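Examination of the molecular architecture
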Amino acid sequence: TNRFITIKNPVDAAPRESDFETKAEALSLKLEPGSIDIIVKNLYVSIDPYQINRLKSHSSSQSASSFAVRIIPGDTIDASGVARVVASGNPEFEKGDLVVGLLAWGDYTVVKPGGMLRKFDPMGFPLSYQVGILGFSGLTAYAGLFEIGKPKKGEKVFVSAASGSVGHLVGQYAKLFGCYVVGSAGSKEKVTLLKDKLGFDDAFNYKEETDLKAALKRYFPDGIDIYFDNVGAEMQEAAIANMNTYGRVAVCGVISEYTDGKKRAAPEMLDVIYKRIKFQGFLAADHLNLYQDFISTTCNHLRSGAIYPLEDISDGVESIPSAFTGLFQGGNIGKKAIDANGV
Ligand code: NDP
């Protein structure tokens, strides 16, 4: 049998574990003669904030992005992940191959023709890195910082959700590049980690600040040059108020708005105009041209010990609902993923 996670109902507010259920289906691990499907055993599956936007009763986005395609109650929920091929009707894959691609939140995935799957070489690194630092989180941090943020040495960078999967890598890439970096995160433990282990110049707990604008003024008396936005809303407003002339805002995500339909950032637009701030959303998937550069730079940093990837891995498909709901309560430190089959 194959267990998979689905939603019982659309999820329009902060997700609760009771919104999810585990279903079991009979799954033969042998393919029908002539089938060109690929059956893979999931090893690590990724748990990502953006998935909440696909679980809502209607998409809040008019975007044609496949990242916005709705998931209907009862459907399997797809996510990026690492797997091993169990059976393949596709001549490009054979039993035993290690693959990354779009999997299901479950024990196994049946990948249909046209599904996203590719073989990879772990290059001596843990397999879980493929969903974190060497996967989409890493590419997001790298592309957002370097392509959208366009840093210069010595510039001042602020990153929110800084202990998260994307955020902790943004801060480390920016430090390695020669920027001054401050991060915000939701607990004392996270703040200590950013400063003492990950080399951030400074960090603060946003939950302890009553005036975010004043807090950022304290941490950036000379202003912010790049804001890497993972959270949106009040933090985005406060960052824009503290940006320097020709500052750049790389809008990666707005997690604080995902679970609250009424929450929106309303930055002072005259600041944006007079300070000529460049404000750009981006999707990591649009920056695959950077992939080789991103992988070779990141592998070098990993081998020299210059970058430290944080992972937060829970065991078993049954832990997916709590892992996912935890993202919206700051439950994770670094990349949240599931070890689906006791790797
Ligand atoms: P994280 O590992 O950062 O997990 C989410 C974290 O966000 C939590 O740990 C929590 O940390 C913080 N958070 C949750 N709710 C709030 C809130 N209301 N206000 C402030 N912080 C909150 O996830 P990812 O690194 O995977 O994703 C980070 C962001 O990047 C998300 O917005 C996501 O949608 C976006 N993203 C965008 C991509 C793109 O291509 N554009 C690709 C991948 C991710 P804390 O304790 O600090 O509150």
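All figures in this text were calculated on a predicted structure; none of them were measured in a lab.

The helix and strand tally for the chain stands at nine helices and 15 strands. For 343 residues, the compact-globule formula gives about 20 Å, and the C-alpha radius of gyration of the chain, at 20 Å, lands near that figure. Taking the principal axes of its C-alpha atoms as reference, the chain extends roughly 65 × 45 × 35 Å. For the chain, the residues scored as buried account for 44% of the 343 residues in total. The long-range share in the chain, meaning contacts at least 24 apart out of those at least 6 apart in sequence, stands at 67%.

Let's shift gears to the environment of Ala26. Tracing the chain through its elements places Ala26 in the loop between strand E2 (20-25) and strand E3 (38-46). On a C-alpha basis, the gap between Ala26 and Ala143 in space is 41 Å, while along the polypeptide they are 117 residues apart.

Before going further, it helps to spend a moment on the site of the ligand. Taken together, 30 residues surround the ligand, and among them Gly164, Gly186, Gly253, Ser256 and Gly330 come closest. For the shell around the ligand, the leading source of residues is helix H1 (residues 136-149), giving three residues. Of the domains in this structure, domain 1 (2-131 + 310-339) and domain 2 (136-285) are the two that each give at least three residues to the shell around the ligand.

So, about the nonpolar core. Val157, Phe158, Val170, Phe228 and Ala239 are the most contacted members of the largest nonpolar core, which totals 57 residues. With six residues, the single largest contributor to this core is H1. Once residues within four sequence positions are removed from consideration, Val170 is found in contact with Ala141, Gly144, Leu145, Val159 and Phe228. By size, the runner-up hydrophobic cluster in this structure holds 33 residues, among which are Leu103, Trp105, Ile320 and Ala337.

One way to put it is that helix H4 (residues 212-219) packs onto helix H5 (residues 233-241) with a least axis distance of 8 Å and a crossing angle of 45 degrees. As the angle between them shows, H4 and H5 are arranged oblique. Taken as a pair, H4 and H5 cross one another with a handedness that is right-handed. Residue-level contacts link Leu212, Lys213 and Leu216 of H4 to Glu234, Met235, Ala238, Ala239 and Ala241 of H5. Each residue belonging to the contact of H4 with H5 can be placed in one class, and the counts come to six nonpolar, no polar and two charged.

As a packed pair, H1 and helix H8 (residues 291-304) sit with axes 10 Å apart at the nearest point and diverge in direction by 105 degrees. Of the possible angle classes, the one that applies to H1 and H8 is roughly perpendicular. Residue-level contacts link Gly138, Leu139 and Tyr142 of H1 to Tyr291, Phe294 and Thr298 of H8. Across the contact of H1 with H8, the residue classes break down as four nonpolar, two polar and no charged.

Bringing unusual backbone geometry into the picture now. Phi is positive for Met123, close to 55 degrees, though the residue is something other than glycine. One can find Met123 in the loop between strand E7 (117-119) and H1. Under the C-beta neighbour-count criterion, Met123 is labelled exposed, with 11 such atoms within 10 Å. Notably, Arg276 is not glycine yet its phi reads approximately 50 degrees, a positive angle. By the secondary structure assignment, Arg276 is in the loop between helix H7 (269-274) and strand E13 (278-281). Judged by C-beta crowding, with 11 C-beta atoms within 10 Å, Arg276 ranks as exposed.

Scoring rules and cut-offs
Residues numbered from 1 in each chain as written. Predicted model: local features only at pLDDT ≥ 70, side-chain atom pairs only at ≥ 80, totals over all residues. Helix = DSSP H or I, 4+ residues; strand = E, 2+ residues; numbered from the N terminus. Rg over C-alpha atoms; globule rule 2.2 N^0.38 Å. Buried ≥ 20, exposed ≤ 12 C-beta atoms within 10 Å, placed from the backbone. Contact = placed C-beta atoms within 7 Å. Near = placed C-beta within 6 Å. Domains from an automatic or database assignment. Core = buried A, V, L, I, M, F, W, Y, C linked by C-beta atoms within 7 Å. Axes fitted to C-alpha atoms, helices over the stretch in contact; angles between N-to-C directions. Parallel < 35°, antiparallel > 145°, perpendicular 65-115°, else oblique. Left-handed = near helix turned anticlockwise from the far one by under 90°. Nonpolar A, V, L, I, M, F, W, Y, C, P; charged D, E, K, R; others polar.

Spatial relationships are all this shows, so hold off on functional conclusions.
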